[in-house]
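Each chain, written out:
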Amino acid sequence: MWESEALAQKYHKILTPLTHMRWPFRITVGLLSIIFLWSFFAFGWQYVWGLGVTGMGHPMSWTLYLVNFVFFIGISHAGTLISAILRITNAGWRTPITRAAEVVTVFALAAGPTNILFDLGRSEKFHWVAIHAQFKSPLLWDFTCIMTYFFTCVLFLYVLMIPDIALLRDRFPHRRWVYQLLSLGWTGTEKQQRILSKASAFLCIAVIPVAVSVHTVVSWVFGMQTQPMWHSTIFAPYFVAGAIYSGIAAIILVAAILRKVYHLEDYLQPIHFNNLGLLLLTMTLLWFYFTFAEYLTTLYGGGIEELAVFWTKVNGKYSPLFWLMVLFCFIIPFPILALKRFRTILGTSMVSVSVLIGMWLERYLIIIPTLSEPRLPYARGIYTPSWVEWSMLAGLSAGFVLALVLFTKFFPIISVWEMEKEAQEKTKLIRE
Amino acid sequence: MKINRRQLLKLIGAATCGMALPDKILHALPKKGEWIPYEEYWSTGICLQCPSGCGLRIRSVNHWPVKLEGIKDFPMNKGRLCPKGQSGLQVLYDPDRIRCPLKRKGKRGEANWEGISWKDAIRLITERLQTLRQAGKPHQLMLLGGRTRGHMSELMARFMEAYGSPNHLGNPSRGSEGILKGHLFTMGIKDFLAIHWEEVNYVLSFGASLLEASRPAIRNLWGYGFLRRGRPGIRGKLVQIEPRFSVTASKADQWIPIQPGTDGALALGMAHWIIKEKKYDRTFIDRYTFGFEDWKDREGNTHMGFKTLVLKDYSPRQVSSITGLPEEMIIKIASEFSSYPPSIALTGRGLGMQTNGTYAQMAVDSLNALIGAIDHPGGLLLQRKPPFQTWPAIQKDGIAEKGLSEVRLDGAGTLPFPFAEEIPSALPEKIQKGEPYPIDTLLLYYTNPLFSLPEPEKFRNALEKIPFIVSFSPFMDETTAFSDLVLPDGTYFERWQDDQVEPGLGFPMFGLRHPALDQPLYDTRNTGDVIINIAKTMGGNIDKSFPWKDFQGALKDAIKGIYATKRGSIQAKDFDEFWNTLIERGGWWDPPYPFGDWRKKFNTPSGKFEFYSLTLEQGLRELSEKSSKALDQILKELKIGTKGDRVFLPHFEKPRWIGEEVEFPFHLIHYKLMTTAEGRGANQPFLQEILGPHLKEKWNSWVEINPETAEKIGIHDGDLIWVESKAGKLKTKARLFPGTHPQCIHIPYGQGHQAYGRWAKSRGVNPNELLVRDYDHLGGFVSYFSTKVKVYKA
Amino acid sequence: MYRWGMVIDLDKCTGCQACVVACRQENNIPSAGEEEAHLGRAKFWMNVVSEVKGNYPNVEMHFLPIPCMQCDRPPCTMVCPVAATYKNPEGIVAQVYPRCIGVRMCISNCPYTVRYFNWYEPSWPEEYQKGLNPDVYHRRKGITEKCNFCIQRIRRAKEKVKKEKRKMRDGEVVPACVETCPSEALYFGDLNDPKSRVSRLSKSRRAFRLLEEMGTEPKVYYLKEGEWDVGE
Ligand SMILES: Nc1nc2c(c(=O)[nH]1)N[C@H]1C(S)=C(S)[C@@H](COP(=O)(O)OP(=O)(O)OC[C@H]3O[C@@H](n4cnc5c(=O)[nH]c(N)nc54)[C@H](O)[C@@H]3O)O[C@H]1N2
Ligand SMILES: Nc1nc2c(c(=O)[nH]1)N[C@H]1C(S)=C(S)[C@@H](COP(=O)(O)OP(=O)(O)OC[C@H]3O[C@@H](n4cnc5c(=O)[nH]c(N)nc54)[C@H](O)[C@@H]3O)O[C@H]1N2
Ligand code: SF4
Ligand code: SF4
Ligand code: SF4
Ligand code: SF4
Ligand code: SF4
Ligand SMILES: [Mo]
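Keep in mind that this is a model prediction, so the values were computed, not measured.

## Quick look at the overall build of chain A
Regarding its fold elements, chain A presents 19 helices and 0 strands. Taking 2.2 N^0.38 as the reference for a compact globule, 432 residues should give roughly 22 Å; the C-alpha atoms of chain A span a radius of gyration of 23 Å, in line with that estimate. On the principal axes, the C-alpha backbone points of chain A span a range of 75 × 50 × 45 Å. Taken over 432 residues, chain A has a buried fraction of 60%.

## Description of the interface of chain C and chain A
Taken residue by residue, the interface counts 45 residues in chain C and 43 residues in chain A. In this assembly, chain C packs against chain A so that about 3500 Å² is buried in total across both faces, 60% of it on carbon and sulfur atoms. Looking only at chain C, the three residues that lose the most surface to chain A are Ile101(C), Met105(C) and Trp119(C), adding up to 17% of its buried area. Where chain C packs against chain A, one counts 1 salt bridge. Asp119(A) is paired through a salt bridge with Arg104(C); the nearest N and O atoms lie 2.6 Å apart. Elements with a minimum of two residues in the side of chain C that touches chain A: strand S2 (47-55), strand S3 (58-66), helix H3 (75-78), helix H4 (105-108) and strand S6 (116-117) of chain C. Classifying every residue of the side of chain C that touches chain A by side-chain character gives 28 nonpolar, 9 polar and 8 charged.

## A few points about the interface of chain B and chain C
Each partner contributes to the interface: chain B provides 86 residues, whereas chain C provides 74 residues. Taken together, the two surfaces of chain B and chain C that pack against each other cover about 6600 Å², and 59% of this comes from carbon and sulfur. On the chain B side of the contact with chain C, Arg80(B), Arg229(B) and Phe686(B) bury the most area, a combined 12% of that side's loss. Our count for the contact surface shared by chain B and chain C stands at 12 salt bridges. The shortest N-O distance in the salt bridge between Arg99(B) and Glu127(C) comes to 2.7 Å. Along the contact surface separating chain B from chain C lie 29 residue pairs in polar contact (both at pLDDT 80 or more).

## Digging into the packing of helix H9 (residues 263-276) of chain B against helix H11 (residues 306-313) of chain B
Residues and elements named next belong to chain B. With their axes 9 Å apart at the nearest point, H9 and H11 run at an angle of 110° to one another. As far as their axial angle goes, H11 and H9 are roughly perpendicular. Contacts between H9 and H11 involve Leu268, Ala271, His272, Ile275 and Lys276 on the former and, on the latter, Phe306, Lys307, Val310 and Leu311. Per-class residue counts for the contact of H9 with H11 are 6 nonpolar, 1 polar and 2 charged.

## Looking at the sheet that holds strand S21 (residues 497-499) of chain B
All names here are of chain B. Taken in spatial order, the 3 strands of this open sheet run S21-S22-S23, and their pairing is antiparallel. Looking at which strands have only one partner, the edges of the open sheet turn out to be S21 and strand S23 (587-589). Looking at each pair of strands side by side, their axes are set apart by 15° on average, direction ignored. Where strand S22 (residues 509-513) lies against S23, 3 bridges are found, and the strand directions are antiparallel. Its bridge partner lying in S23, Gly511 is registered against Gly587.

## Digging into the pairing of strand S18 (residues 441-445) of chain B
Residue and element names in this part refer to chain B. Among the 5 residues of S18, 5 are classified as buried, and the element is accordingly described as predominantly covered. Residue alternation in S18 divides its side chains into two sets, Thr441, Leu443 and Tyr445 and Leu442 and Leu444, and both sets are buried. Judged from the 5 bridges that link them, strand S7 (residues 141-145) and S18 form a sheet pairing that is parallel. Bridging from a neighbouring strand, Gly145 pairs with Tyr445 of S18. Taken together, the 4 bridges between S18 and strand S19 (residues 468-471) define a ladder with parallel strand orientation. Directly across from Leu442, in S19, lies its bridge partner Ile469.

## Here we look at a nonpolar patch on the surface
All names here are of chain A. Residues Trp38, Phe41, Trp45, Tyr47, Val48, Trp49 and Trp387 make up a contiguous nonpolar surface patch of roughly 740 Å² in combined accessible area. At 6 residues, helix H3 (residues 23-49) tops the list of elements feeding residues into the nonpolar patch. Note that Trp49 resides in helix H3.

## What to know about helix H5 (residues 79-88) of chain A
Residue and element names in this part refer to chain A. Counting buried positions along H5 yields 8 of 10 residues, so the element is predominantly enclosed. Along H5, the residues that are buried comprise Gly79, Thr80, Leu81, Ile82, Ser83, Ala84, Leu86 and Arg87. Here the buried face of H5 lies against helix H4 (64-75), helix H6 (95-119), helix H8 (138-159), helix H11 (190-223), helix H12 (235-262) and helix H19 (416-431). The first or second residue beyond H5 is Asn90, which carries a positive phi of 55°.

## Description of the nonpolar core
If you look at the biggest cluster of nonpolar residues, it comprises 412 residues, and the most contacted ones within it are Ile367(A), Phe206(B), Leu367(B) and Leu370(B). Here this core gets 18 residues from one element, more than from any other, and that element is H12(A). With sequence-adjacent residues up to four places away left out, Leu370(B) is seen in contact with Ala271(B), Ile274(B), Ile275(B), Tyr280(B), Asp281(B), Ile285(B), Phe292(B), Phe306(B) and Phe611(B). Formed by 46 residues, the second largest nonpolar core is a distinct cluster that contains Phe417(B), Ala462(B), Ile469(B) and Val791(B).

## Points about the site of ligand 2
Residues and elements named next belong to chain B. Around ligand 2 lies a shell of 29 residues, among which Arg349, Ser452, Ser473, Asp477 and His670 are the nearest. The separation between an oxygen atom of ligand 2 and a polar side-chain atom of Tyr446 is 3.0 Å. Coverage of ligand 2 by the protein chains reaches 98% of its 910 Å² of free accessible surface. Counting only domains with at least three residues in the shell around ligand 2, you end up with domain 2 (102-175 + 388-503 + 509-589) and domain 5 (666-793).

## Looking at the site of ligand 4
Near ligand 4 there are 13 residues, and of these Cys13(C), Cys16(C), Gln17(C), Cys19(C) and Cys181(C) occur at the shortest range. Broken down by class, the residue content of the shell around ligand 4 amounts to 9 nonpolar, 4 polar and no charged.

## Some words on the domain arrangement of chain B
By a widespread convention, an interface's size corresponds to the accessible area lost as its parts come together. Residues and elements named next belong to chain B. Per the domain assignment, the segments making up chain B are domain 1 (5-92), domain 2 (102-175 + 388-503 + 509-589), domain 3 (193-382), domain 4 (614-648) and domain 5 (666-793). Of note, the centres of domain 3 and domain 4, computed from C-alpha atoms alone, are 27 Å apart. With 10 residues of domain 3 at the interface, the matching set in domain 4 holds 8 residues. Here domain 3 meets domain 4 over a buried area of about 680 Å², counting both sides, of which 56% is carbon and sulfur. Of all residues in domain 3, the largest losses of buried area upon contact with domain 4 belong to His303, Met304 and Tyr359, amounting jointly to 55% of the total for that side. At the surface where domain 3 touches domain 4, the tally comes to 1 salt bridge. Linking Arg646 and Asp313 is a salt bridge whose minimum nitrogen-to-oxygen distance equals 2.7 Å. Across the contact surface, domain 3 and domain 4 share 4 residue pairs in polar contact (both at pLDDT 80 or more). Residue assignment for the side of domain 3 that touches domain 4 shows that the elements contributing at least two residues are strand S15 (302-303), H11 and helix H15 (357-370). It is H11 that contributes the most residues to the side of domain 3 that touches domain 4, 3 residues altogether.

The rules behind the values
- Residues numbered from 1 in each chain as written.
- Chains lettered and ligands numbered in written order.
- Predicted model: local features only at pLDDT ≥ 70, side-chain atom pairs only at ≥ 80, totals over all residues.
- Heavy atoms only, no water.
- Helix = DSSP H or I, 4+ residues; strand = E, 2+ residues; numbered from the N terminus.
- Rg over C-alpha atoms; globule rule 2.2 N^0.38 Å.
- Buried < 20%, exposed > 50% of the residue type's maximum accessible area, 1.4 Å probe, protein only.
- Contact = heavy atoms within 4.5 Å.
- Buried area = accessible area lost by both parts, 1.4 Å probe.
- Salt bridge = Lys/Arg side-chain N within 4 Å of Asp/Glu carboxyl O.
- Nonpolar A, V, L, I, M, F, W, Y, C, P; charged D, E, K, R; others polar.
- Polar contact = N/O pair within 3.5 Å; in protein donor to acceptor, adjacent residues only side chain to side chain.
- Axes fitted to C-alpha atoms, helices over the stretch in contact; angles between N-to-C directions.
- Parallel < 35°, antiparallel > 145°, perpendicular 65-115°, else oblique.
- Pairing = 2+ DSSP bridges.
- Patch = residues over 30% accessible without salt bridge, like charges linked within 9 Å, V, L, I, M, F, W, Y side chains within 5 Å.
- Areas by Shrake-Rupley, 256 points an atom, 1.4 Å probe, with all protein chains shown as cover.
- Core = buried A, V, L, I, M, F, W, Y, C linked by side-chain atoms within 4.5 Å.
- Near = heavy atom within 4 Å.
- Domains from an automatic or database assignment.

Shown next as structure tokens:
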């Protein structure tokens, strides 16, 4: 049982962003909206003229949109998955970052599959995937998993936000009707508390396999195909690890920015970044391990067709991107994260940027070189993304950030009730 | 075009995906509106994307042709079409076709036209021709023809003769004169020879581009397949002698990259070995040839025979140093050639269109004669002609007689081109100077000299001197764009025309085009009809020379002769039935080929195959008498580098190159691709998009360079480079191609149009802009392959 | 039941590409134009590819016509999320154009890279449109297409045969490419009929299939160049 007035006093720093809208905020929102809206224009352009306005062709028929799809789905792994794991393992330091992580997940999950919509030759027939479903297609598995994951994550985020929404309902009378609706009449009774903790416990467990399945299946979209360097059993864990890797990086970055912008230094402390940094370090090593294993296997036993792809990546026309990827995904992150001295807020943020770029490149390099060197050595392609594709990437990223920014204006980005609960538990412990 | 002639099929057209769909999928299909009934019928026609004259079955839907196939029993193509034939509808439907008669409005070449009616157009041209004639200058009318087919040549010739001008250039075999001149001097024949693919075992090709160009293209493609797999247990051998690694070379069992211009020497070197080893056909040589052994003339002078000459001058060693080929190789092919009959030696423009082309062709003819490969199963066949009825005699009045007595402007038939029938490439200077007289009016039919002849710029300047130019082309090509009046012909789907193919399959045959549409697509008229129309309007003797209503009438007149023989593939009770059947079947043919008819066919003074050409000897002697010049003087003017009996025997003349070795190190080889429809294919997107399959090139031009040579001069694959000759320079893309002789570069012919519609215009380069004109004076033709070039990075 | 198959004799094939043009005219495939062709937007249901190797003067050049292999175990059909492509009872891997939504997974999963996509609304100059074949479906932008053994011709021939109450003769129905091939390098027919030309040729010692090791079981057979096979 919390007293809303007192809570608001105590956590005013978390709640301030909800009330203050100064010019940096307005400018940010304005800029992001322009980019976001521009991508609507780009999409309209593409919709009217056809996919010919992209850089795609024969045989390069799956390109940037697919890269972005895999990338955003990857990011979505951070949040809920991590938050769930941390909750289950009851990692004490998690509380201030879980909400942010969950939000990142939800929005990334909204952004990811949108790319498929862009990529469809006939976007207006998107729903046919559901209507005329053919279950032999990995795309369908994908569709199913992503939808499940998306709804689970929204639920997860929402359920764990109910007490905070109730708080807001009491604090912001002029937005009352929204919060009223969303708070589901939460008053914080014992019974409600019990239901909440049960629900969250259930969701924590449920979300993990779903999350794992999502990226597994995304990997199968490629892995189930017979193309050289796609048809690989390692793809599922490789993709999941990569997803978590980029996901954590995204959270670190988001947390660092929020901390700075919203002055949340009291809540988001170096320890959080240190711990997340350690997690990231683990993933760096895991990523390196998978990549190494994947490429070595190809080099060692790969057939002509596999090797053709291998060499374009390592030594051919894609090698600059390949080595940049190694740089961004391993060479930069590893030493910084390994040394405690550098595992600072700045250090981990920089690493996160590097990892995000690196992981995007990784997706690019998984998809594009394979298509440019298909099995029969006759169809060969070049691919340069067109302005439309870049616009869509920009718009999507802008939309993603915009959604995050707007979220912080309506909901506390740090879970107030969980902070309070934790604090109370702590004092209780001390008293006893 | 009457419905009853067609095999009319009312169909419920199926514009669905056309599959037996499982029910569960059907619900995704559109419910209605996709099934459109249509009316379909098939008619016949003759392709004219190249001179092979393939029979077409045209599928029309609701009056519009939609697909072309070959006529199944048409001997030339047996139901097949090459890629150009298949893309023919893009000729018919070319959006840039000329749609009505045009009169020039602005300056020449400004593309400023005014559409006029046919009535006005015909009046315009007839008035001009009348005036010219009345001024007593009918010879100042010139007709430049090109891809004339069947009786169109005769109709044109008739018009020019009745009008009174000797200046008719209308050779449909332009560009291959070397081959014809060789045949003329050895066999007295004015046609190409057919290949008897059905039985040949060993094919030795001296640059015959069998699988990319050659005559007749489709028959040779088929022949190749047949040679390989047509007869169980036999897989014939193909040897390709060519500096360029062509598609033919790639499919051959052996490629012999010869030094350009030296094929004649190789043939003689082979002859040397065959004679020395006594592997030749004694009987054939004894009975049907002249000049093999040394011989005595009526005055008792001994003349050198082929045998002596060859044994003396063309040992494999001597030939090896000329051709750059190892001695053993020469011996090996000579031995194979004479050991696995039936063998055959073929030639193409690469051998013929050199400064020594005539002699080189004579050498190869002799090679065939040596092993008796002429008019023999598995050998070369002497093309028989259909027994057309000759048209009534031409009526000439005094003006015509006087005009015809003038010398030809192009100088054909006089020194230095005594044996030429026409030399279009010699025109620029003559027209420019107006000597011996100026040209007043030029008619252009089916030819585009501003694109297809070397040094087109010079031709353009000359055209400036001609006050009035009329083009009959349905397309705005370079030369038409430079004309004053356009009287557009229909395409080959829209007109009546016969088509005799030379060579075909040896036996007499011809195809018949008739309009495949009820009406021409646009306001165009068959040039044949237009000529008759003009003749009628002119009146007098000219009118009387054309006693037909239209060209179809003239054709019927000729074809009656065939009906009268009661021979061949069509038997009918009356001419009408014959005519209708002819239209239905697309042509008439009269197999089988009568082998071994040598005596009747060698049209030489000796009545035999002449190793020692009496035709040539007599011709030169007469010339000497007429011009009162000594033979030696004449030989000098003809640039023949030898004397005595050798002049009349096949021998190797050193080829002349234009451009010094040091400055211009490369031979420029230009070639036709299977997708090149002469100068006419560039306006067809289907062909543009598959242009050069060997290098995956499309929609453009390129130069093939030997990779090692390229490395030496710092050129990489795909670089833009300059190719420069004494005549000009061109910039295009370099492609490293290992099938390039280190001393050659290759540029495909067909691109580089400055006009000819949206698809052709300003695309790629035209090698003719590099070619400098030199001649084989004896044969009387421009040597297309004499230009040397240099290349450097742009 | 028919099981349609094709045999391509590489010893006879001259790389002339008549098959390519015939296919495009028959199936209303527009040319892409220069820029689009260079971006890989040209559609070649039948594609003649080449290989040049060696150094002067020991050069080799080979041509290979590639239509859809009409795999008996087609990797392309499985992956389509809406079953817009499927193997029909006669073994033809067909495309249900109106159902295709254009995800192109079938394209990326075809090991022979013979599926083509409509990057734009297909277009012809107005004049060319008169020459379109009314028997084939108009594919709009955003959908995938491929060689279907000229299914419209087969369907028509079957209708005829049914009306005349008889069996189809070997060679009675041929696709446009087979019909035109000047050197008679292409054969088409029923692989279920042991006496058909294609059946016999497919058992030739020269016969092979592309990427046989993938287990896709193509119904397009190639005959090797060069050596004589008495078994034909
Ligand atoms: N596809 C297609 N077929 C055609 C035509 C067409 O336009 N397209 N046109 C038709 C016409 S009008 C003609 S005249 C014929 C022409 O048919 P061909 O004469 O057979 O072929 P071209 O390509 O004109 O001739 C040039 C060839 O000669 C070779 N060559 C060059 N120099 C030499 C040399 O010194 N020695 C030897 N041995 N070879 C040399 C070149 O490599 C090149 O392949 O084709 C006819 N068939
Ligand atoms: N460099 C180089 N030059 C060459 C050759 C080469 O290999 N290399 N080849 C040479 C050879 S062998 C030849 S035969 C010549 C051919 O050269 P040309 O005799 O000039 O023939 P084309 O260029 O094929 O076409 C001539 C014109 O005919 C017109 N035309 C098209 N269809 C019709 C029609 O239906 N009716 C009428 N009335 N006109 C029509 C078009 O305007 C076209 O421009 O080129 C020669 N030039
Ligand atoms: S060979 Fe010549 S005539 Fe025959 S189809 Fe080809 S282009 Fe037409
Ligand atoms: S048409 Fe025949 S010969 Fe020509 S490329 Fe096609 S398969 Fe080969
Ligand atoms: S070749 Fe490709 S498109 Fe054709 S059936 Fe096989 S997998 Fe499908
Ligand atoms: S492009 Fe069409 S056929 Fe191919 S997978 Fe997608 S929906 Fe299926
Ligand atoms: S079978 Fe028909 S659809 Fe397939 S390549 Fe041949 S012509 Fe084209
Ligand atoms: Mo020619």
